[in-house]
Each structure stands twice: as structure tokens, then as C-alpha cells.
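Chain by chain, the residues run as shown.
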Amino acid sequence: MPRTVRDVVFVDGVRTPFGKAGPKGIYHETRADDLVIKCVRELLRRNPQLPPERIDDVAIAATTQIGDQGLTLGRTAAILAGLPTSVPGYSVDRMCAGALTAVTTSAGAIAFGATDVAVAGGVEHMGRHPMGEGVDPNPRFVSEKLVDESALFMGMTAENLHDRFPGLSRARADEYAVRSQEKAAKAYADGRIQADLVPIALRRTGEEGTGEQGWGLATADEPMRPGTTLETLSGLKTPFRPHGRVTAGNSAGLNDGATASVLAAEEVARELGLPAKLRLVSFAFAGVEPEVMGYGPVPATEKALAKAGLGIGDIGLFEVNEAFAVQVLAFLEHFGIADDDARVNQYGGAIAFGHPLASSGVRLMTQLARQFEDQPHVRYGLTTMCVGFGMGATVIWENPQWEGK
């Protein structure tokens, strides 16, 4: 029996404030799964018209799926968040694009008719679980020269991208990083970020020299460095290569945080009285040489545009994950977009907010949704990110509030 593909909408998205990984970070004493649980509960609180039993699946991503990020997190977090035991769940791993993949996988099931409503998100507690913890890369990768050894170290792949495109200098990367900090500070000042943050209760033990004890409340992103200047960035060391170009100032740090979103068939959202903040148009994943994984958003975006029958000029807003400034610059350079184009990362990006790997995809979507709300003259936007070991991921969205229809 032929099936009709249904339109899928992004109903709502939330995230925790992002923290710095490590003993002095705000989430040092907080479990990763508890961060996810808080996001799921907040989605239900914000959308009381959504009966919990109408959620058909929960997809939660994590790159390091062990400890408090393991045990089929989508299912366990759903139970702990108070969803009915009839709601199933599963885990996703596509490294940095984990939450983005949780969204697209859930959307595919909705479009096909297998599910009506889904929760999708991600978490990464890099303080508890450093990237690569417990993994055992096959020695053939290096011994048979399938990849260069630098492909295993994300900072080195960013240096390789600088090598590949000499015009993408450290000065340009630093200038981009300063703008990201400035835009993030302005977005906070304008109240465009806080509305989608879930306050998280914290326990501080005072260990490891933090000097703080007792309970607190996280209400803002910890990694932000407002007031960052070019002079400050120019003095930073290049940890991945002597006389390199990648620094802690022009890349995202090691972070902890979680995100979650509600997706639904548009007809079901209408039936339940749920908002439609983004309408899915197309998505695509692509592979590139692992040594230059930061270039992945370029072919992924080309594929997504082709599937949608659109050109880059049709995109009015861009949310590009800032794992490294050079990765964003390579994307902009390829598509002939200026480094300071006003359509790109209007609220700032991961260089300011942080990048807890598998959680970041939904942050891009929540920020795009806010921008669509403010700019109904914009019809299309995209969310894109590079992915470890040589991949890119892009989703193109339509603004349901577009005033030109």
C-alpha cells in the first residue's frame, strides 16, 4: 500500500547551560543522564498540551556511550524523566552530529508514519568521559595508511585544514572568534538565549581547589569569555603544533551539557495544538578525508541543497557549529560568503557557548528557531556541523512563520 510522506516540524527545543569540563566545571558533580532528564522534563512542562503517552520514541545521542552516558540512554532517560513505560527509546552515536542525527532519524520515522511524535537530543559530559575514553582504534588505520594519524586528533585536523587553505590564516580565525564572543554576549543581553535554557541545580564539594561548597544553580553558559580581544587571542599558545594556528581561543573547548527537542508530524502538531518552529525541508550527511574532517559541512550542504532543489542564495540564516573557527571559514569561503556575513551565527556559536559534542546539533536548531521567530521575512535556514573522522551533516529548514506564503 503506497504511503504519503508527511511534513515534519521541530516543535520545541531546550538545553542545559553548557559547562567547562573538568574538576572546576559546574557539572563536575552532576551525572550526564540527569542533564538529559532535566531537558526532557522541561519540554513536557513547556508543552502541557502534549500528552506524554503520545510520545512514540526517545532518541538520545552520546559519543562516549559508557557509564552515566551508557545503558541505552534514550530508554533509561525516558523512564527516569517520568515518561510512561510504554515509550521506547534508543541511543545514537555520530560523534559531534549525534543530536542532529537523533533529530533526522526521528524525523524519518515520523515522515514515514512509523511514529507521530518523538523526543530527540544528546548529551556529552566530557569531564566524566573524555573524548576517546575506552576506544581501541584498529591499528590498520595507521599501519595500512588508511588515514593519517592526525585524523585521530581533532585539533590536528583543524591545523591540516589551515594547511589545505593557506588563505585561512590565524588572524582570520582569531577575528572570527572575537565576533563569536561579541555576538553571544549581545544575544544574552537581548534575552535571546535564556528562554531555552533549563536551570540545573548543582552540588559543589569544594574539592580539587575550587573553593566552593554546597548547592548552586546553573543559569548561563560557563565557557563564554565576553570582552575577548584580538590582542588576548594573539598571545595564546598553539597546543597542537609548534607555531600553529589553532588555539583555545579560536576553537570550542571541552564541555559538558545536554539538549532535547520535540519533533512531530505537522498534522499531529496541529491536532495537539503544538507550535511549529521549524519545518524540515531536507538533510544530508557526507564523508571527507578524515584528516580534514572540518571540511565536511561543504559536501553535506551541497547534497542537502540539491535534495531540496535550492541554491546557497536561498538560505537566509546559517547556524554553523564552531568546533574550530577555520572549519567555519572553510565553509564560508567555499560558498563565497564573507567572514562577517550577518546571516551567519547571529547569536554567536560554540567558540563562545561551548560544544559538548553529541548535544550541539539541537542547540543550532533552537537558535535558528528563535531567529525565524524574529525574522519572518526569512524563508529558509540551515544547521550544519563537521563530524569527527571525516564527515559533515546539514539540515535545511523552512520558517513556518514565513510571511511570503
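Being a predicted model, the structure only gives us computed values, none of them experimental.

**Some thoughts on the overall build of the protein chain**
Check the secondary structure of the protein chain and you find twelve helices and twelve strands. Against the globule reference of 22 Å for 405 residues, the protein chain gives a C-alpha radius of gyration of 20 Å, in line with a compact fold. Here the C-alpha coordinates of the protein chain stretch approximately 60 × 55 × 50 Å along the principal axes. For the protein chain, the proportion of its 405 residues judged to be buried stands at 57%. For the protein chain, the accessible surface area stands at approximately 16,000 Å², while carbon and sulfur atoms represent 54% of it.

**A look at the pairing of strand S4 (residues 89-92)**
Strand direction decides the pairing type here: strand S3 (residues 57-61) and S4, joined by four bridges, are parallel. In the sheet register, Ile 60 faces S4, and the bridge partner there is Ser 91. Crossover S3 to S4 through helix H2 (residues 73-80) is right-handed.

**Overview of the UniProt feature "domain: Thiolase C-terminal" (unreviewed entry) in the protein chain**
UniProt records the feature "domain: Thiolase C-terminal" (unreviewed entry) at residues 278-398, using the numbering of this structure. Helix makes up 34% of residues 278-398 and strand 26%, with an end-to-end C-alpha separation of 6 Å.

**Section: the UniProt feature "active site" (unreviewed entry) in the protein chain**
Following the UniProt record, one finds the feature "active site" (unreviewed entry) at Cys 96, His 355 and Cys 386. The largest pairwise C-alpha distance within this set of annotated residues, which runs over 291 residues, is 11.9 Å, so the set is compact in three dimensions. With respect to the secondary-structure elements, Cys 96 resides in the loop between S4 and helix H3 (98-112). When its relative accessible area of 7% is taken as the criterion, Cys 96 is described as buried. In this structure His 355 touches Cys 96, Met 126, Ala 252, Gly 253, Asn 255, Asn 321, Ala 323, Ala 350, Ser 360 and Met 385, once residues within four positions along its chain are discounted.

**Comments concerning the packing of helix H6 (residues 170-189) against helix H10 (residues 325-334)**
Direction vectors running N to C along H6 and H10 enclose 100°, while the axes themselves pass 9 Å from each other. Taken together, the axes of H6 and H10 are roughly perpendicular relative to one another. Residues Arg 172, Ala 173 and Tyr 176 of H6 pack against Ala 325, Val 328, Leu 329 and Glu 333 of H10. Residues belonging to the contact of H6 with H10 are distributed by class as follows: five nonpolar, no polar and two charged.

**Side note on the state of the cysteines**
Under the criterion given, the structure shown has zero disulfides. With no disulfide partner, Cys 39 has as its closest neighbouring cysteine sulfur the one in Cys 96, 18 Å distant. Using a relative accessible area of 0% as the deciding quantity, one classes Cys 39 as buried. In this structure Cys 96 is a free cysteine whose sulfur lies 6.0 Å from that of Cys 386, the closest cysteine sulfur available.

**Topic: the environment of Ala 350**
Locating Ala 350 in the fold gives a position in helix H11 (residues 350-353). Of the residues examined, Ala 350 reaches a relative accessible area of 0% and is grouped as buried. Taking the C-alpha atoms as reference points, Ala 350 and Val 5, separated by 345 residues in sequence, lie 34 Å from one another. Each residue touching Ala 350, except ones within four places of it in the same chain, is listed here: Ala 252, Asn 321, Glu 322, His 355 and Arg 363.

**A closer look at the nonpolar core**
One finds Ile 55 and Trp 397 to be the most contacted residues of the largest nonpolar core, which totals 76 residues. Per element, the largest residue contribution to this core is eight residues, and it comes from helix H1 (residues 32-46). One finds Met 293, Ala 304, Val 326 and Leu 329 within the second-largest nonpolar core, a separate group that totals 37 residues.

**Some points on the packing of H3 against helix H12 (residues 360-374)**
Relative to each other, H3 and H12 sit at 70°, their axes nearing to 5 Å. Between H3 and H12, the angle is such that the two are roughly perpendicular. Of H12, the residues touching H3 (which contributes Ala 99, Leu 100 and Val 103) are Gly 361, Val 362 and Met 365. Grouping the amino acids of the contact of H3 with H12 by side-chain chemistry returns five nonpolar, one polar and no charged.

**Points about the pairing of S3**
When you tally the buried positions in S3, you get five out of five residues, the bulk of the element. Side chains Asp 57, Ala 59 and Ala 61 of S3 all project onto a buried face; the interleaved residues Val 58 and Ile 60 project onto the opposite face, where all are buried too. Relative to strand S5 (residues 117-125), S3 runs parallel, the two being bridged by five bridges. Following the sheet pairing, Val 58 is matched in S5 by Val 119.

**Re unusual backbone geometry**
The backbone of Leu 71 shows a phi angle near 60°, a positive value even though the residue is not glycine. Tracing the backbone through its elements, the reader meets Leu 71 in the loop between S3 and H2. Positive phi outside glycine occurs at Lys 145, with the angle close to 55°.

**Comments concerning the pattern of salt bridges**
The full count for this structure, using the stated rule, is 28 salt bridges. For Arg 6, the salt bridge identified is with Glu 267, shortest N-O distance 3.6 Å. You can see Arg 6 sitting in the segment before strand S1 (8-15) and its partner Glu 267 sitting in helix H8 (residues 266-272), a full 261 residues away along the chain. A salt bridge links Lys 186 to Asp 190, with the shortest nitrogen-to-oxygen separation between them at 2.6 Å. Judged by its relative accessible area of 53%, Lys 186 falls in the exposed class. Residues joined by salt bridges that share partners form a network here, namely Asp 12, Arg 46, Arg 192, Asp 196, Lys 277, Arg 370, Glu 373 and Asp 374.

The rules we used
Residues numbered from 1 in each chain as written. Predicted model: local features only at pLDDT ≥ 70, side-chain atom pairs only at ≥ 80, totals over all residues. Heavy atoms only, no water. Helix = DSSP H or I, 4+ residues; strand = E, 2+ residues; numbered from the N terminus. Rg over C-alpha atoms; globule rule 2.2 N^0.38 Å. Buried < 20%, exposed > 50% of the residue type's maximum accessible area, 1.4 Å probe, protein only. Areas by Shrake-Rupley, 256 points an atom, 1.4 Å probe, with all protein chains shown as cover. Pairing = 2+ DSSP bridges. Right-handed = clockwise from strand over helix to strand, strands pointing away. UniProt positions renumbered as here; feature names shortened; annotations may be inferred. Contact = heavy atoms within 4.5 Å. Axes fitted to C-alpha atoms, helices over the stretch in contact; angles between N-to-C directions. Parallel < 35°, antiparallel > 145°, perpendicular 65-115°, else oblique. Nonpolar A, V, L, I, M, F, W, Y, C, P; charged D, E, K, R; others polar. Disulfide = S-S within 2.5 Å. Core = buried A, V, L, I, M, F, W, Y, C linked by side-chain atoms within 4.5 Å. Salt bridge = Lys/Arg side-chain N within 4 Å of Asp/Glu carboxyl O.

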